[in-house]
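# Breakdown of the fold
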Amino acid sequence: MKRFLMCEPKFFEVSYVINPWMEGSIGKVNKALARQQWENLYNTLSKLATVSLIEPVAGLPDMVFTANAGLVQKRAIPKKQFIVSSFRYRERQPEEKYFEEYFSSQGYAVQHLQQGTVFEGAGDALFDTRGTLWVGSGFRSDPRALPEIMTALDIKASALELIDPHWYHLDTAFCPLPEGQLIAYPKAFSEKSVEALKQAFGKNIIWVSEPDARNFACNAVSVDQTIILPKASVEMKAALVQRDFEVIETEVSEFIKAGGACKCLTLEI
Ligand code: ARG
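Since this is a predicted model, take the numbers as computed values, not measurements.

Next up on the list: the environment of valine 64. Turning to its location among the elements, valine 64 is positioned in the loop between β2 (50–53) and β3 (70–73). Using a relative accessible area of 2% as the deciding quantity, one classes valine 64 as buried. Each C-alpha atom, one on valine 64 and one on cysteine 264, is 8.2 Å from the other, the two residues being 200 residues apart in sequence. Residues in contact with valine 64, not counting those within four places in the same chain, are Cys7, Glu8, Pro9, Phe12, Phe255, Cys264 and Leu265.

Have a look at this one:
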């Protein structure tokens, strides 16, 4: 059974701006609604997987986005590995020590990239189901993170270049699915990266439209054949159903005000 880490939105709000979605959203989160939406996601995911929780910390509103805690290598032997994030913006940097403490206490081998290498965890680094790690850069994680991760985890990885600040983390525009399939939004990537994706995934890519991307439809959590996402167009749902996926839509409007959705609120551990 898959296992995920989430963090209750006890202190969630928009109190600073570090991505375009947060502009104009300061103080605009409906906290009761955010709590409801988070619980709906938690309940949905709990039916399909085990969900563990990390204690939220006052003053760290974005800690709910556990995808950014770091990168987990579940396949590592004898211990699972965890590369702790090193956030670009000082507003999120204090989260690092809480995530590090959590993963050490759970018995993971915790690693750090080199001092000064910005890395925002599973927000920017995602394994496809063939075991290749895709690492995004352009807005948050440093391009230097990729070679350092390859060395730290002794794995292969491929670079993807993000070019539009709305899709500042790789997981806002890229979601690997079972059996080498992929959801992606082409305009988030440089031409070279779109080519790299076509080379690697070919016909297995579901390219989404701009309205779907803006609804964070790429920010999906997949457990076997079930895909949990905020909202998808009729076309996108049809493409997924045709590939034998079941789609569950769960609204996360309050979190989109901070620039994150379903996938960002979870971390597979
Ligand atoms: N406000 C957060 C930030 O800008 C949102 C993070 C969303 N997380 C993600 N994995 N895309 O860092």
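As a further point, take the packing of aromatic side chains. A complete count under the given rule lists 14 aromatic pairs for this structure. For the pair phenylalanine 103 and tyrosine 108, a centre-to-centre distance of 4.9 Å together with 85° between the ring planes defines the contact as edge-to-face. By relative accessible area, tyrosine 108 is classed as buried at 9%.

Time to look at the environment of phenylalanine 201. Position of phenylalanine 201 relative to the elements: it lies in helix α4 (residues 191–201). The class for phenylalanine 201 is buried, based on a relative accessible area of 3%. In this structure, the C-alpha to C-alpha distance between phenylalanine 201 and glutamine 36, residues 165 residues apart in sequence, is 36 Å.

Moving on: the sheet that holds strand β15 (residues 267–268). Taking strand neighbours across the sheet as the criterion, the three strands line up as β2-β1-β15 in an open arrangement whose pairing is mixed. Each end of this open sheet is capped by a strand with a single partner; those strands are β2 and β15. Here strand β1 (residues 3–6) runs beside β15; their pairing, made up of two bridges, is antiparallel. Residue leucine 5 lies in a different strand from β15, and its bridge partner there is leucine 267.

Cut-offs used in this document
- Within each chain, residues carry numbers counting from 1 in the order of the written sequence.
- A pLDDT threshold of at least 70 governs which residues receive local features in this predicted model, and a stricter bar of 80 or more applies before side-chain atom pairs are shown or counted, although totals over entire chains, interfaces and linings include all residues.
- Note: side-chain values were computed over all heavy atoms of the structure, leaving out hydrogens and water.
- The helix count covers DSSP runs of H or I at least four residues long, the strand count covers runs of E at least two residues long, and both are numbered beginning at the N terminus.
- Relative accessibility thresholds used throughout: buried, under 20% of the residue-type maximum; exposed, over 50%; partly exposed, between the two (1.4 Å probe, protein chains only).
- Residues are treated as being in contact if the distance between any of their heavy atoms lies within 4.5 Å.
- Centres within 6.5 Å are what make two rings of Phe, Tyr or Trp a pair, Trp counting through its six-membered ring; a difference in plane orientation under 30 degrees is then read as stacked, over 60 as edge-to-face, and the rest as tilted.
- DSSP-based pairing: two strands are paired if at least 2 bridges between them are found.

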